[in-house]
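Examination of the molecular architecture
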Amino acid sequence: MSDIAREAGVSVPTVSKVLNGHAHVAAGTRRKVERLLAKYQYTRRTKRREGQARLVDLVFNNLDSEWSVEIIRGVEAVAHESGLGTVVSAIHGETTEERRWLENLTARWSDGIILAVTELRPAHEEQIRALGIPMVIIDPVGQPDPQVASVGATNWNGALTATEHLISLGHERIGLIGGRPELQCSRARLDGYRSALRSAGLPVDDGLIAEGDFYAPRGEQAARELLSSPHPPTAIFAGNDQQALGVYRTAERLGMRVPDDLSVVGFDDLPAAGLASPPLTTIRQPVAQMAAQAMRMLLRCLETGSFETRRLELSTELVVRDSTAPPRRH
């Protein structure tokens, strides 16, 4: 309000009068203030009603994966202990959905926001800052903004460990199915994979690297591309568990057996990994714990008025099951 008042050349109380529809404002001044309110998409938050529940908004791009379920589980556990309700939204990467969520956010007086692998448009981030709502990001899309609190995992080290495991079994042609290239976690996993190969004195063959999107259908397609090449890999680090299960389906269609003909490693250790046939060797990313830590960071900020730390990374670990074995020698 003070910024709008300054640009309009009026006092903050005058802007408040326009917002509240008071009659004692000159017509020309009212029009000038209303234009600026529209220009900056200013929305006044309604007052919290007495007895109104405290809420935290948990926002996803999509809600169609086990990863999302684990995030909800972690956030909800801590929120429930603290007496906060959780509002879950999916904005599907669409401007209209994002704008509608912001309108609802303003109306319901949320105490805080947790974004899960979701990137808001800069104008909408500015609106959140203007509303003064603290925010934590889980797995930031790009390089973590030092001004925004975030929680992630040691993606680089996890990918390094996954690739080193395959190398230790004797694999030399190791394929990689990455994630969306704009995601920071995807780039970190690609770098970890490359570092492991270089450290072992193995070449980094771009022909063994396929772009993915962290969903099973793309895992199937990418595996088909890699395995149909003249010199196919004997092992695939699939980038995440969903893509690994897609690799399983392609291998089955091609008459290949895991791990006899093809070793496969995932990333996340979602419940489906242990139930797969054969059970999937993967990198355990503590997804629910990441979400719980994000919620604790947010609660601490609500208590003290600031974040004690702006970046937290949880460690990953290799979980060896039955989907990896030494390569078959022909």
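Conventions used here
- Residues numbered from 1 in each chain as written.
- Predicted model: local features only at pLDDT ≥ 70, side-chain atom pairs only at ≥ 80, totals over all residues.
- Heavy atoms only, no water.
- Helix = DSSP H or I, 4+ residues; strand = E, 2+ residues; numbered from the N terminus.
- Buried < 20%, exposed > 50% of the residue type's maximum accessible area, 1.4 Å probe, protein only.
- Contact = heavy atoms within 4.5 Å.
- Areas by Shrake-Rupley, 256 points an atom, 1.4 Å probe, with all protein chains shown as cover.
- Lys, Arg positive; Asp, Glu negative; His and termini not counted.
- Charge placed at Lys NZ, Arg CZ, Asp CG, Glu CD.
- Core = buried A, V, L, I, M, F, W, Y, C linked by side-chain atoms within 4.5 Å.

Going by what an unreviewed UniProt entry lists, the protein is known as LacI family transcriptional regulator and is assigned to Streptomyces abyssalis.

As for the overall build of the protein
Helices and strands together make up the secondary structure of the protein, namely 12 helices and 12 strands. Dimensions along the principal axes, computed over C-alpha positions, put the protein at roughly 90 × 40 × 35 Å. Burial status across the protein gives 49% buried among its 330 residues. Taking as baseline every contact in the protein between residues at least 6 positions apart, the subset at least 24 positions apart corresponds to 71%. As displayed, the protein offers around 15,900 Å² of accessible surface, 50% of which is attributable to carbon and sulfur atoms. The centroid of the 38 positive side-chain charges in the protein is displaced by 8 Å from the centroid of its 41 negative side-chain charges.

Brief notes about the nonpolar core
Counting residues in hydrophobic clusters, the biggest one holds 28 residues, and the most contacted among them are Ile 71, Ile 114, Val 136, Ile 138 and Met 295. Among the elements of the structure, β1 (55-60), α4 (66-81), β3 (112-116), β4 (135-138), β5 (149-153) and α12 (287-304) are those that each provide at least two residues to this core. Per-element tally for this core: the top contributor is α12, with 10 residues. Grouped together as the second largest cluster of nonpolar side chains are 18 residues, Ala 210, Leu 227, Val 247 and Ala 276 included.

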